[in-house]
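Topology and contacts: notes
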Amino acid sequence: MKRLITESSPLYPRILFRFTDHPITVWAGVILLRVYFEWVGLRQEIAQVVGEFVKRSNNQIASVEVMLSWFYGLALGASRFEHFTRYRRDPMMKVLLGIARFPSPDTVRRFFLSFNYRRVTEVSEQLMRFSLNQRRPILLGHTLDLDSTVFCRYGEKQEGSLKGYNPKKPGRPSHHPLVAFLSEARRVLCVVGGIAFGQQP
């Protein structure tokens, strides 16, 4: 049995530094999200939604695990496809999440590129119904809020972006979608459009 190497902090002697060969991860808190997903039966629901997407590869990752990994990545702070690389390189992630392995950015990208408009609508509506069914019924009903937001776009030829109302970056092309959400349930129901209000430059 290997002996742990222990050192004391120079400023706080009561704090000990130890080094071990056991695998550790900074993403350990994601286990709580996995427990919640298992409690509500999200894996089974996703299997029914994306069951038609069958990949023909000997090294394939199940579509259910790709979508679950997408949810885990968003919860961990991923804002780009390439951010999934850091989770994929962590050997403890597959143990914590109960998946064979974390998908690569290209795998996640190809998975969503296989969606068409009809499939996006069907999957979104089914997952939304599943999410709302997990909520307790509200006696007085729900409040539907309608609002809009501005997504600033950078670079050239951003599809659908126009110069319009943009309080943070005046004159910068942007998208201006309309958002509908339930206040009590805190659920986004629909995002309509992405064209900025304004005239073509």
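What this report covers is the structure whose coordinates are included nearby. Note that the structure is a prediction, hence the values are computed from the model and not measured.

**Observations regarding the pattern of salt bridges**
Pairing is possible between side chains that carry opposite charge, provided their charged atoms lie close to one another. Tallied over the full model, the rule gives five salt bridges. The shortest N-O distance in the salt bridge between E122 and R118 comes to 3.0 Å. Placement of the pair is E122 and R118 together in helix α7 (residues 117-133), with a separation of four residues, close to one helical turn. Taking the relative accessible area as the measure of exposure, E122 reaches 31% and is therefore partly exposed. Salt-bridge contacts for R119 lead to E122; the nearest nitrogen and oxygen are separated by 3.5 Å.

**So, the sheet that holds strand β6 (residues 173-175)**
Judged by pairing direction, the sheet is antiparallel, and its three strands sit side by side in the order β4-β6-β5 without closing on themselves. Bordering the open sheet on either side are β4 (151-152) and β5 (162-163), each of which pairs with just one other strand. As paired elements, β4 and β6 share two bridges and run antiparallel to each other. Residue pairing for β6: C152 is matched across the bridge by S174.

**Observations regarding the sheet that holds strand β3 (residues 144-148)**
As a general point, the strands of a sheet are linked pairwise by backbone hydrogen bonds and lie either parallel or antiparallel. The strand order across the open sheet formed by three strands is β3-β7-β8, and the pairing between neighbours is antiparallel. In this open sheet, the two strands that pair with only one neighbour each are β3 and β8 (187-192). The average angle at which neighbouring strand axes cross in this sheet is 25°, direction not considered. Where strand β7 (residues 178-182) meets β8, five bridges bridge the pair, whose relative direction is antiparallel. What sits directly across from V179, in β8, is V191. Sheet strands touched by α7: β7 and β8. Its angle to β8, the strand with the most contacts, is close to 155°.

What counts and how
Residues numbered from 1 in each chain as written. Predicted model: local features only at pLDDT ≥ 70, side-chain atom pairs only at ≥ 80, totals over all residues. Heavy atoms only, no water. Salt bridge = Lys/Arg side-chain N within 4 Å of Asp/Glu carboxyl O. Helix = DSSP H or I, 4+ residues; strand = E, 2+ residues; numbered from the N terminus. Buried < 20%, exposed > 50% of the residue type's maximum accessible area, 1.4 Å probe, protein only. Pairing = 2+ DSSP bridges. Axes fitted to C-alpha atoms, helices over the stretch in contact; angles between N-to-C directions. Contact = heavy atoms within 4.5 Å.

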